[in-house]
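Reading the structure
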Amino acid sequence: MSLLFGIYAMTACAHLNSVSVTQVPADRSKEIRVNTSKWIFLGFSFDNLFVDQLAAELKGKCQGGKIQGILTKDETFAYFILFKKEVTVTGFCVKS
Amino acid sequence: MINIKGNMQKKVSFLKNSIAIFFVVIFLTSCAYSVHMVHTSGFEPYAPIKQGKMIESEADQFVILYFASDNSYVDQAFQELLNKCKNGNITGITTKYMTKLGFFSWHNVVQMQGMCYKS
């Protein structure tokens, strides 16, 4: 029983909070990806500022181009008393 | 008197068994859906619907008692959608995330649907 509990505590329970997709272009030769995460202890989290940097990071990877086909995933990985909130954004950089 | 009591007990027992079987059947099948979110993308570049082709993709993940190590099924659904429209634009993409509930287990499902326009 304690072994089962230990395995459960060490294994992440992945949960998808939300997902969204924008229009996908025909030119998908260049895929770009950024992600950001935040560790939360016992549910204590006082802001979501970790998400704000994502847009700038994504823009930085596609200078002079358009970013389309953006897949945004908001996930939570639970490790017993620790939680990892992760937001992953992938897209295609289309140079006009 | 004893016969009446015996018959009543049989009926009660039958009713209890029926209710138990009913709940077992309900719990063993996916009897409930929970739609968590629906998202719709824009429709640019605009084109008549007749010129496009409706494409769909779906991926799911079977979870028992919250044991799920990743959410890769989302990427699978997205990749499947892309593969159905190679070298074309996909617009008006509706993304649905839902859960089919079962007996101490469930299926997390992501469905994507969009219009494929090939140039």
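Scroll up to find the structure this text is about.
Read on for a plain summary of the structure. (Residues numbered from 1 in each chain as written. Chains lettered and ligands numbered in written order. Predicted model: local features only at pLDDT ≥ 70, side-chain atom pairs only at ≥ 80, totals over all residues. Heavy atoms only, no water.)

The next thing to look at is a nonpolar patch on the surface. A surface patch of nonpolar side chains, amounting to about 910 Å² of accessible area, comprises W39, F41, L42, F44, F46, F80, I81 and L82 of chain A. Note on placement: W39 of chain A falls in strand β2 (residues 31–41). (Patch = residues over 30% accessible without salt bridge, like charges linked within 9 Å, V, L, I, M, F, W, Y side chains within 5 Å. Areas by Shrake-Rupley, 256 points an atom, 1.4 Å probe, with all protein chains shown as cover. Salt bridge = Lys/Arg side-chain N within 4 Å of Asp/Glu carboxyl O. Helix = DSSP H or I, 4+ residues; strand = E, 2+ residues; numbered from the N terminus.)

What follows is about the environment of T22 of chain A. Turning to its location among the elements, T22 of chain A is positioned in the loop between β1 (13–21) and β2. Measuring from C-alpha to C-alpha, the distance between T22 of chain A and A78 of chain A comes to 28 Å, with 56 residues separating the pair along the chain. Those residues within four positions of T22 of chain A in sequence are excluded, and the remaining contacts are Q68, G69 and I70 of chain A together with S41 and I93 of chain B. Among the polar contacts listed, one links the side chain of T22 of chain A to the backbone nitrogen of G69 of chain A, at a separation of 3.5 Å. (Contact = heavy atoms within 4.5 Å. Polar contact = N/O pair within 3.5 Å; in protein donor to acceptor, adjacent residues only side chain to side chain.)

Right, let's get into the interface of chain B and chain A. If you look at the interface, chain B gives 30 residues, while chain A gives 23 residues. Roughly 2200 Å² of surface becomes buried between chain B and chain A when both sides are summed, with 60% attributable to carbon and sulfur atoms. Taken together, chain B and chain A are joined by one salt bridge. D75 of chain B is the partner of K73 of chain A in a salt bridge, and the nearest nitrogen-oxygen pair spans 2.9 Å. (Buried area = accessible area lost by both parts, 1.4 Å probe.)

A few words on the sheet that holds strand β4 (residues 105–118) of chain B. Residue and element names in this part refer to chain B. Spatially, the four strands line up as an open sheet ordered β1-β3-β4-β2, and their pairing is antiparallel. Every interior strand has two partners, whereas the edge strands, β1 (32–40) and β2 (53–64), have only one. Within the sheet, the average angular offset between the axes of one strand and its neighbour, ignoring direction, is 20 degrees. For β2 and β4, the ladder comprises 12 bridges, and the chain directions are antiparallel. Paired with D60 across the strands is V109, a residue of β4. Strands β2, β3 (88–101) and β4 of the sheet are contacted by helix α2 (residues 72–83), whose axis makes an angle of about 160 degrees with β2. (Pairing = 2+ DSSP bridges. Axes fitted to C-alpha atoms, helices over the stretch in contact; angles between N-to-C directions.)

A few words now on unusual backbone geometry. With an omega of -5 degrees, the peptide bond running from E44 of chain B to P45 of chain B counts as cis. Secondary-structure assignment places P45 of chain B in the loop between β1 and β2. Phi at L42 of chain A is positive, roughly 55 degrees, even though this residue is not glycine. A positive phi angle is found at N87 of chain B, which is not glycine, with a value near 60 degrees. Mapped onto the elements of the fold, N87 of chain B is located in the loop between α2 and β3.

Looking now at the sheet that holds β2 of chain A. If you walk across this open sheet you meet the four strands as β1-β3-β4-β2 (chain A), and the pairing is antiparallel. In this open sheet, the two edge strands, each paired with only one partner strand, are β1 and β2 of chain A. Each adjacent strand pair in this sheet contributes to an overall mean axis angle of 15 degrees, direction not counted. Sheet strands in contact with α2 of chain B are β1, β3 (65–79) and β4 (82–95) of chain A, and its direction is about 155 degrees off that of β3 of chain A.

To continue, consider the packing of aromatic side chains. Throughout the structure, instances matching the rule amount to two aromatic pairs over all chains. Centroid distance W39 of chain A to Y79 of chain A: 5.6 Å. Interplanar angle 35 degrees. Geometry classified as tilted. Taken together, the residues span a long stretch of sequence, with W39 of chain A in strand β2 and Y79 of chain A in strand β3 at a distance of 40 residues. Centre to centre, the rings of Y66 of chain B and W106 of chain B are 4.9 Å apart; their planes meet at 75 degrees, and the pair counts as edge-to-face. With Y66 of chain B in the loop between β2 and α2 and W106 of chain B in strand β4, this pair connects stretches of sequence that are 40 residues apart. Here Y66 of chain B falls in the exposed class, since its relative accessible area comes to 54%. (Phe/Tyr/Trp six-rings, centres within 6.5 Å; stacked < 30°, edge-to-face > 60°. Buried < 20%, exposed > 50% of the residue type's maximum accessible area, 1.4 Å probe, protein only.)

These figures come from the coordinates and say nothing about function on their own.
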